[in-house]
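Take a look at the letters that make up each chain.
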Amino acid sequence: MNERDVLGIIVCNMHDELISELTALRTLGSVPFGGRYRLIDFALSNMVNSGIRDVSVVPSMHYQSLLNHLGSGREWDLARKIGGLSILPPYGRSSSAGVYHGRMEALANIRDYIKASPAETVVLSDSDVIANIDFRPAVAEHLAAGADITLLYKKAQVSPEMHAYNPLFFDEKGRLADIYLSPELSGEQNVYLDIAVIRKSLLDELVQESVQRNEHSFLRSVLMAKKDVLNFRGFFCPGWGDKVNSLTDFFHANMALLRPEVRASLFPKDRPIYTKVRDEVSARYGLASEVTNTLVTDGCIIEGSVSDSVLFRGVHIEEGAIVRGCVLMHNTRVSPGAVIENVITDKNVVVTEGKILSGAENMPLYIPKGTVI
Amino acid sequence: MIAMLLAGGQGSRLSVLTKDMAKPAVPYGGKYRIIDFPLSNCVNSGIDTVGILTQYEPFELSEYVGNGQPWDLDRMGGGAFILPPYQRSGGSAWYKGTANAIYQNMAFIDRFSPEYIAILSGDHIYKMDYSKMLAVHEEKGAACTIAVCEVPWEEASRFGILSMDEDGFLTKFAEKPKHPESNLASMGIYIFSTEKLRHYLEEDEADPASANDFGKNVIPRMLAAGEKMAVYAFKGYWKDVGTINSLWDANMDVLNPNVPLDLYDPDWKIYSRSPVMPPHYIGKDASVQDSMVTEGCDVDGTLDFSILSSGVTVGKGAEVRYSIVMPNALIKEGAKVEYAVVAERAVVGENARVGRKPEDMKEPEEWGVAVVGPGVELPPGAVVAPREIIGRKKARAE
């Protein structure tokens, strides 16, 4: 695969409404995750590690934090003269309708950009897929099978309570037979990762058709509507992967990082996940610190007791504080005597002395950005 | 003002640690390499052009500095430049001494036509605002200003010692005097007015007896010629990391709250090249106190008063106390590492024992920091005595 044969497109804001708490001030792609990352780091790093050198990011709303995070794309090696990162917000042309309601509408707005790319194949990804995937074998299989669209999926146990996932069903020849939208199913299913490989010329035709019919959903107006006419196929991704569709999902995805096999799958040495560098000091552990089963990021100061948690940059657990099963974002401070359990704090939260806060594993307590409790 | 950073030294007293890399590239404090301090000082002082003179084992250092981006030194019309010795039409030569290294790069300096030049060394851990020193240099109208730092009297004979008059001008310079007249040690940091520097470097070069060294030759020559030599008294943390023990000490200082080296100061950040690793994981059986741990580490053992660099693994039941562990080292299950330096990519085998507490020694003078050199693989159960230094070819089982 030549590095300019494939164009990467990352569409943001597709599922923002699912985690309204975290996305009030940011797009889902810039939601902090796993201590030092933002969700979009995974999609971007996957593209770069797969040799894709032209990547466009298509945000729709509240994308200031995203732009701040991405900068010139240097951290992902995408500050390039040839190709590189392009950020394509809405209102790109006078006829554009503004904020998008679906992937096809987003793509319609960047149609000229897609056309101008020398690539023949497009990898289309959402910004909130947490996985480490090499797209090269998926693209190779897509081309070898002569597929029109290849959908990347993982195998996962589902339950009727789960929402916002799309299982794929294939016939005996591996062709997409059906796709369900957020059904109530149980057992192991092929769950679509919202990553598709597609021939660029076909994508352009489909976008044009969607514009003409005033349709904007890739799932409905392309995958469901055309599955019998076009050759849609699947590509199985064996590693750990997740999409965060709710605050509880977000909590569990962070907690999954405490499992060694998840970290091994997500952070292999030869395919690093890149992110913006902040030049923080190493994490500092105090004389009385007690820490077990916890992911800790640079800039943290831990003087109290922490277990089964994920601590983002600059979190300060003071002596005598107890933290159990929490996801604490940047610069959260937990004061002496405070006890918090199953809590998600957004950035810059302060839990003052002696406060006791508790959520449950299936319903973590969320504390908004900057709150002082 | 531009800066010229002398980074070509071998640092032979660091033994196996500098076998394959120049001293300024030696890891320090978990996230840093020694050169991060002068480079960050430059940027924080408003210096945007830094020539880095390399000679000994330059590859690791060149790779690390790269285009200077982590220090914000990827600049148009300036930035970080690696300056190795090079061939020229009149013949070529290695850098013979610190002064000669600068002399050979006068053409580089002239491209920027700076009024002043700061000469820095890549051997020390300190935070210093060179712009304050420049203000003193300008105010006094000096040809050269030398930064000094008070050192304990009993150590003064290890340094270049300065005496000054009440107006803050240099009166005497003695290199490693047996009977020091003051405890003001030269920090190896100079600011020169460019034309004065050019003049005295040319004179120095013309003198076949000269060792072409700033401290030994150029400074005494300028003083003898009656130049105005100002002294800039630096207050703050300044530590040479030239020996295994001092490197270990300087690392332990990071953990000591009473030592005035604040790495958390948002106005004077120390920048470094990040290794791109996930946050570190503290395991279910781990116990971590009074330590610093950084990205990519995986700790399931006990850490006490220790510093781990990126990508270090400490296995279950392993103990690391009063030690520094450099990037990507592996300390396997049950190993015990005390008062030691475990270098990059070294492997300490299961139940191996490295170093001892000073209080456990029968003969206190036999105590010293134990070192496992870069890439050394200690077999299971191996013992490394205090003060012992294991290089790559010396690893053995006991």
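Residues numbered from 1 in each chain as written. Chains lettered and ligands numbered in written order. Predicted model: local features only at pLDDT ≥ 70, side-chain atom pairs only at ≥ 80, totals over all residues. Heavy atoms only, no water.

### Describing the interface of chain A and chain B
So, point 1. Each partner contributes residues to the interface: chain A has 32 residues there, and chain B has 32 residues.
So, point 2. Buried surface at the junction of chain A and chain B, summed over both partners, amounts to about 2,800 Å²; 50% is from carbon and sulfur atoms.
So, point 3. Interface area lost by chain A to chain B is led by D279, V281 and R284 of chain A, which between them contribute 22%.
So, point 4. Inspection of the region where chain A meets chain B yields four salt bridges.
So, point 5. Taking the shortest distance from any N to any O, the salt bridge between E295 of chain B and R36 of chain A comes out at 3.7 Å.
So, point 6. Counting across the interface, chain A meets chain B through 20 residue pairs in polar contact (both at pLDDT 80 or more).
So, point 7. Mapped onto the side of chain A that touches chain B, the elements with two or more residues apiece are β14 (283-285) and β15 (290-296) of chain A.
So, point 8. Ranked by residue count, the leading element in the side of chain A that touches chain B is β15 of chain A, at six residues. (Contact = heavy atoms within 4.5 Å. Buried area = accessible area lost by both parts, 1.4 Å probe. Salt bridge = Lys/Arg side-chain N within 4 Å of Asp/Glu carboxyl O. Polar contact = N/O pair within 3.5 Å; in protein donor to acceptor, adjacent residues only side chain to side chain. Helix = DSSP H or I, 4+ residues; strand = E, 2+ residues; numbered from the N terminus.)

### What to know about the pairing of strand β9 (residues 160-164) of chain B
Consecutive residues of a regular strand have side chains that alternate between opposite faces of the sheet.
Residue and element names in this part refer to chain B.
So, point 1. Burial runs high along β9: four of the five residues are buried.
So, point 2. Bridging between β9 and strand β10 (residues 170-175) involves five bridges; their strand directions are antiparallel. Across the sheet, L162 pairs through a bridge with F173, a residue of β10.
So, point 3. Hairpin connection of β9 to β10: five residues between the antiparallel strands, including G168 at a positive phi of 85°.
So, point 4. Note: β9 against strand β11 (residues 184-193), two bridges, orientation antiparallel. When the sheet's bridge partners are listed, I161 is paired in β11 with A185. (Buried < 20%, exposed > 50% of the residue type's maximum accessible area, 1.4 Å probe, protein only. Pairing = 2+ DSSP bridges.)

### Observations regarding the environment of W71 of chain B
Residues and elements named next belong to chain B.
So, point 1. Looking at the secondary structure, you find W71 in the loop between α2 (58-65) and β5 (79-83).
So, point 2. By relative accessible area, which is 1% here, W71 ends up buried.
So, point 3. Residues W71 and K269, 198 residues apart in the sequence, show an inter-C-alpha distance of 9.8 Å.
So, point 4. A distance of 3.1 Å separates a polar atom in the side chain of W71 from the backbone oxygen of Y271.

### Examining the confidence of the model for chain B
So, point 1. Of all residues in chain B, 98% have pLDDT values of 70 or greater, and the mean over the chain is 91.
So, point 2. Predicted as a complex, the structure gets a pTM of 0.91 and an ipTM equal to 0.89. (pLDDT = per-residue confidence, 0-100.)

### Let's talk about α2 of chain B
Residue and element names in this part refer to chain B.
So, point 1. Every buried residue of α2 is listed here: L61, Y64 and V65. Buried residues of α2 fall within an arc of 90° about the axis and therefore sit on the same side. Away from its buried face, by an angle of more than 90 degrees, α2 presents the exposed residues F59 and E63.
So, point 2. Contacts made by the buried residues of α2 are with β3 (32-33), α1 (36-44), β4 (49-53) and β5. (Arc of directions from axis to C-beta.)

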